[in-house]
Amino acid sequence: MPAPITLSFARDIRPMFTSMDVDHMKKSMDLSDRDSVFRNAKAIYESVSSGHMPPASSGEPRWTQEMCARFKDWQEQGGEP
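These numbers were taken from a predicted model, which means no experiment stands behind them.

Is there a simple way to think about the environment of Phe-38 in this case?
Mapped onto the secondary structure, Phe-38 falls in helix 3 (residues 34-39). For Phe-38, a relative accessible area of 31% translates into the label partly exposed. Once the C-alpha coordinates of Phe-38 and Trp-74 are considered, the two residues, 36 residues apart in sequence, prove to be 9.1 Å apart. The contact partners of Phe-38, leaving out residues within four places of it in the chain, are Trp-74, Gln-75, Gly-78 and Gly-79.

What exactly am I supposed to notice about the packing of aromatic side chains here?
Where two aromatic rings form a pair, the distance of their centres and the angle of their planes describe that pair. In this structure the tally under the stated criterion is six aromatic pairs. Centre to centre, the rings of Phe-38 and Trp-74 are 5.7 Å apart; their planes meet at 85 degrees, and the pair counts as edge-to-face. Taken together, the residues Phe-38 in helix 3 and Trp-74 in helix 5 (residues 65-76) connect sequence positions 36 residues apart. Trp-74 gets classed as buried once you look at its relative accessible area, which sits at 0%. An aromatic cluster of at least three residues, connected via ring pairs, comprises Phe-9, Phe-17, Phe-38, Trp-63, Phe-71 and Trp-74. Positioned over the ring face of Tyr-45 is Lys-72, at 4.9 Å from the centre of the ring.

Is there a simple way to think about the packing of helix 4 (residues 41-50) against helix 5 in this case?
It is at 10 Å that the axes of helix 4 and helix 5 come closest, and there the two elements cross at 165 degrees. Judged by the inter-axis angle, helix 4 sits roughly antiparallel to helix 5. Remark: the crossing between helix 4 and helix 5 carries left-handed chirality. Across from Ala-41, Lys-42, Ile-44, Tyr-45, Val-48 and Ser-49 in helix 4, the residues of helix 5 making contact are Cys-68, Phe-71, Lys-72 and Gln-75. Taken together, the residues of the contact of helix 4 with helix 5 break down into six nonpolar, two polar and two charged.

Got a minute to help me understand helix 4 in this structure?
Buried within helix 4 we find Ala-41, Ile-44 and Val-48. Considered in projection along helix 4, the buried side chains sweep an arc of 65 degrees and stay on one side of the axis. Its buried side turned inward, helix 4 meets helix 3 and helix 5. Immediately downstream of helix 4, the backbone of Gly-51 shows phi near 85 degrees, a positive value.

Thresholds applied
Residues numbered from 1 in each chain as written. Predicted model: local features only at pLDDT ≥ 70, side-chain atom pairs only at ≥ 80, totals over all residues. Heavy atoms only, no water. Helix = DSSP H or I, 4+ residues; strand = E, 2+ residues; numbered from the N terminus. Buried < 20%, exposed > 50% of the residue type's maximum accessible area, 1.4 Å probe, protein only. Contact = heavy atoms within 4.5 Å. Phe/Tyr/Trp six-rings, centres within 6.5 Å; stacked < 30°, edge-to-face > 60°. Lys NZ or Arg CZ within 6 Å of the ring centre and 35° of its normal. Axes fitted to C-alpha atoms, helices over the stretch in contact; angles between N-to-C directions. Parallel < 35°, antiparallel > 145°, perpendicular 65-115°, else oblique. Left-handed = near helix turned anticlockwise from the far one by under 90°. Nonpolar A, V, L, I, M, F, W, Y, C, P; charged D, E, K, R; others polar. Arc of directions from axis to C-beta.

Just distances and angles here, no functional claims.
Here it is, written out as structure tokens:
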């Protein structure tokens, strides 16, 4: 069995946040910053996996199951930069 791929914020996670996401959330967290995202990872995961974020009214696409799983894996791996 191959070793699991180590995910990184810069390569795998940051690109999942659109500029609208970053702008919208800047008052509560910085989605362009690894430390901020990792610190808020549980809340982010709950919001995107439940379909609450991004809100339907934003026009932004919801995260797919694969995107949610990638984010959760990154979080569980320790949040590599």
